[in-house]
Amino acid sequence: MLQWVAATAISYAVGGIISAFVTDYIPGNLGVILSFLVMSMAIALAQWLVLRKRILGMGWLWVTLVGGTLGGAFSSWASFWLAVTYGDAVDLLAIYACLRGLSIGFAQWTILKHSFRRSGWWVVGTTFSWYLSVMIGSQLMQSLGYFLTLLVGAIYGLLTGILLLLFFSQKLRSCQAG
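First things first, this report covers the structure right here in the doc. This one's a predicted model, so the numbers in the text were calculated from it and none came from an experiment. (Residues numbered from 1 in each chain as written. Predicted model: local features only at pLDDT ≥ 70, side-chain atom pairs only at ≥ 80, totals over all residues. Heavy atoms only, no water.)

What follows covers the environment of Tyr131. Within the secondary structure layout, Tyr131 lies in helix H5 (residues 121–139). What makes Tyr131 partly exposed here is its relative accessible area of 31%. Distance from Tyr131 to Gly101, taken between C-alpha atoms, is 7.2 Å for residues 30 residues apart in sequence. When sequence neighbours within four positions are dropped, the list of residues in contact with Tyr131 reads Ala94, Ala97 and Cys98. (Helix = DSSP H or I, 4+ residues; strand = E, 2+ residues; numbered from the N terminus. Buried < 20%, exposed > 50% of the residue type's maximum accessible area, 1.4 Å probe, protein only. Contact = heavy atoms within 4.5 Å.)

So, about the layout of surface pockets. As a volume, the largest pocket reaches approximately 660 Å³. Lining the largest pocket are 25 residues, and of these Tyr12, Met39, Tyr96, Leu148 and Thr149 lie nearest its centre. Looking at the lining of the largest pocket, the elements with two or more residues in it are helix H1 (2–25), helix H2 (28–51), helix H3 (59–86), helix H4 (92–112), H5 and helix H7 (147–177). In terms of residues, the lining of the largest pocket owes the most to one element, H1, which gives 6 residues. Approximately 310 Å³ is the volume attributed to the second largest pocket. Along the wall of the second largest pocket there are 13 residues; nearest its centre are Met1, Gln3, Val50, Leu51 and Arg54. Breaking the lining of the second largest pocket down by element, the ones donating at least two residues are H1, H2 and H7. Among the elements that line the lining of the second largest pocket, the one with the most residues is H7, at 4 residues. In the lining of the second largest pocket, the residues fall into 8 nonpolar, 2 polar and 3 charged. (1 Å grid on protein atoms, 1.4 Å probe; cavity = no way out; pocket = protein on both sides within 12 Å on 5 of 7 lines; lining within 4 Å. Points joined across faces, edges and corners; volume = space filled by probe spheres on them. Nonpolar A, V, L, I, M, F, W, Y, C, P; charged D, E, K, R; others polar.)

Encoded structure:
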């Protein structure tokens, strides 16, 4: 689990910093989509490297890349649209975080459902982990600077890591019992 947390935290931080440069140099919607692609690729590759011996194939890498990229673009568009439509009545950051977590969680669930019973909890756990990590990060933005993305990634990695640990321990227990 420690590898998962470290890989997720570092890839979130590195991907976040690099993706910020992408939007600085590539304007418009293309820059935003490429920014999500870069960050999603960093997370996907790091998580896949940790999981590759337990979840075979390249599926995790691809679904995380696609789910993160498309989910990032959709969550940005949807949260912006809702904020413009409803103004201050909508928490733009909360909506963004939940939709982003939901999209990545759902995409990754398409791989996990083949290996784990109750894998649907992954969607809930990933959505919650994105929400909580982004909300905590938003409160600490001024004081952490570049370390902010590392903290947000660590919270996301810790919460999803706990869920993965529960999945793997449940599978081990069922294999030992049967």
